[in-house]
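Descriptive analysis of the structure
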Amino acid sequence: MAVPIAAPVRAARWLALAVPVCLLGGALVSQYVFGLHPCEMCWWQRYPHMLAIPLAALAFFWRPVRPLVAVAALAVLASGLIGGFHAGVEYHWWEGVTACTASPMAGGGDPLDAIMNAPVIRCDVAPWDLLGVSLAGWNFLFSTAAALAIFGLIATSEKARP
């Protein structure tokens, strides 16, 4: 049974669920459909979204709703900030991590074969961009904007409380 809440918190809750689902879904489609394998920093961006999804989903059934949505928004913001850092590395604004490769055990089978044949995915090269903005850059823009919107909706609902 859904928990009844004020309209701004309801919108924040949906936003906290929809944004990480869409962004993580897009990352998985780009990986498994279009062959854009993630680098280490791409994985770092996915982990906060993986945390935000169950937190936002839990906010549909558990009280208090606002803290769950706020923590989900923090996770979305963390992913956005990591995306901003990653985009800066891709644009060569600053140096990133030194060891950046794909997971060698993704294919299963013989571990040594998997390690020897694993593609090296560089963090400082954007494998794809749209309008000059890389996937990490888009994650920064969408995640940061969504997190700020969620925080704004929560703050609006707090002001409207008696």
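Above this note sits the structure.
In this report, we go over the structure that sits alongside the text. (Residues numbered from 1 in each chain as written. Predicted model: local features only at pLDDT ≥ 70, side-chain atom pairs only at ≥ 80, totals over all residues. Heavy atoms only, no water.)

So, helix H1 (residues 7–32)
Just so we agree on the cut-off: Helix and strand assignments come from DSSP, with helices taken as H or I runs of at least 4 residues and strands as E runs of at least 2, each series counted from the N terminus. Take the residue count of a helix, subtract one, and multiply by 1.5 Å to get its expected span. Between buried and exposed lies partly exposed: a residue is buried under 20% and exposed over 50% of the maximum accessible area for its type, with that area taken using a 1.4 Å probe on protein chains only.
Taking 1.5 Å of rise per residue, the 26 residues of H1 would be expected to cover 38 Å, and the 37 Å separating its terminal C-alpha atoms lies within 8% of that figure. Those residues of H1 lying buried are Val 9, Ala 12, Arg 13, Ala 16, Leu 17, Val 19, Pro 20, Leu 24, Ala 27, Ser 30 and Gln 31.

Here we look at the side chain of Thr 144
In plain terms, the rule: Residues are treated as being in contact if the distance between any of their heavy atoms lies within 4.5 Å.
Among the secondary structure elements, Thr 144 is positioned in helix H5 (residues 135–160). Since its relative accessible area comes to 14%, Thr 144 is described here as buried. With residues near it in sequence (within four places) discarded, Thr 144 still touches Leu 77, Gly 80, Leu 81 and Asn 139.

Considering the environment of Val 69
Locating Val 69 in the fold gives a position in helix H3 (residues 65–90). Linking Val 69 and Ile 154, residues 85 residues apart in sequence, is a C-alpha distance of 8.4 Å. If we ignore the near neighbours within four places in the chain, the residues touching Val 69 are Ala 12, Arg 13, Ala 16, Ala 59, Ile 150 and Ile 154.

Describing the layout of surface pockets
Here is the rule we go by: Cavity means a closed set of points on a 1 Å grid over the protein atoms alone, one where a 1.4 Å probe fits but cannot get out, pocket means an open set with protein on both sides within 12 Å along at least 5 of 7 lines, and lining means a residue has an atom within 4 Å of a point. Grid points are joined across faces, edges and corners, and a volume is the space filled by probe spheres set on the points. Under the scheme applied, nonpolar residues are Ala, Val, Leu, Ile, Met, Phe, Trp, Tyr, Cys and Pro; charged residues are Asp, Glu, Lys and Arg; polar residues are all the others, including Gly.
Looking at the largest pocket, its volume works out to about 410 Å³. For the lining of the largest pocket, the elements supplying multiple residues, two or more each, are H1, helix H2 (40–58), H3 and H5. Looking at which element gives the most residues to the lining of the largest pocket, the answer is H1, with six residues. A breakdown of the residues in the lining of the largest pocket according to their chemical character gives 15 nonpolar, seven polar and three charged.

Describing the packing of aromatic side chains
For clarity, the threshold we go by: Stacked, tilted and edge-to-face are the three classes assigned to paired rings of Phe, Tyr and Trp, where Trp is represented by its six-membered ring and a pair needs centres within 6.5 Å; plane angles under 30 degrees give stacked, over 60 edge-to-face, the rest tilted.
Tallied over the full model, the rule gives six aromatic pairs. Ring geometry for Trp 138 and Phe 142: centres 5.7 Å apart, planes at 25 degrees, overall stacked. One end of the pair, Trp 138, and the other, Phe 142, are both in helix H5, four residues apart, so they sit about a helical turn from each other. Given the relative accessible area of 21%, Trp 138 is considered partly exposed. For Phe 142, a relative accessible area of 45% puts it in the partly exposed group. Among the aromatic residues, ring-to-ring pairing joins Phe 85, Tyr 91, Trp 93 and Trp 94 into one connected group.

Some words on H3
Taking 1.5 Å of rise per residue, 26 residues should cover 38 Å, and H3 covers 37 Å from first to last C-alpha, within 8% of that figure. Downstream of H3 by one or two residues, His 92 has phi in the positive range, about 60 degrees.

Keep in mind these numbers describe shape, not what the thing actually does.
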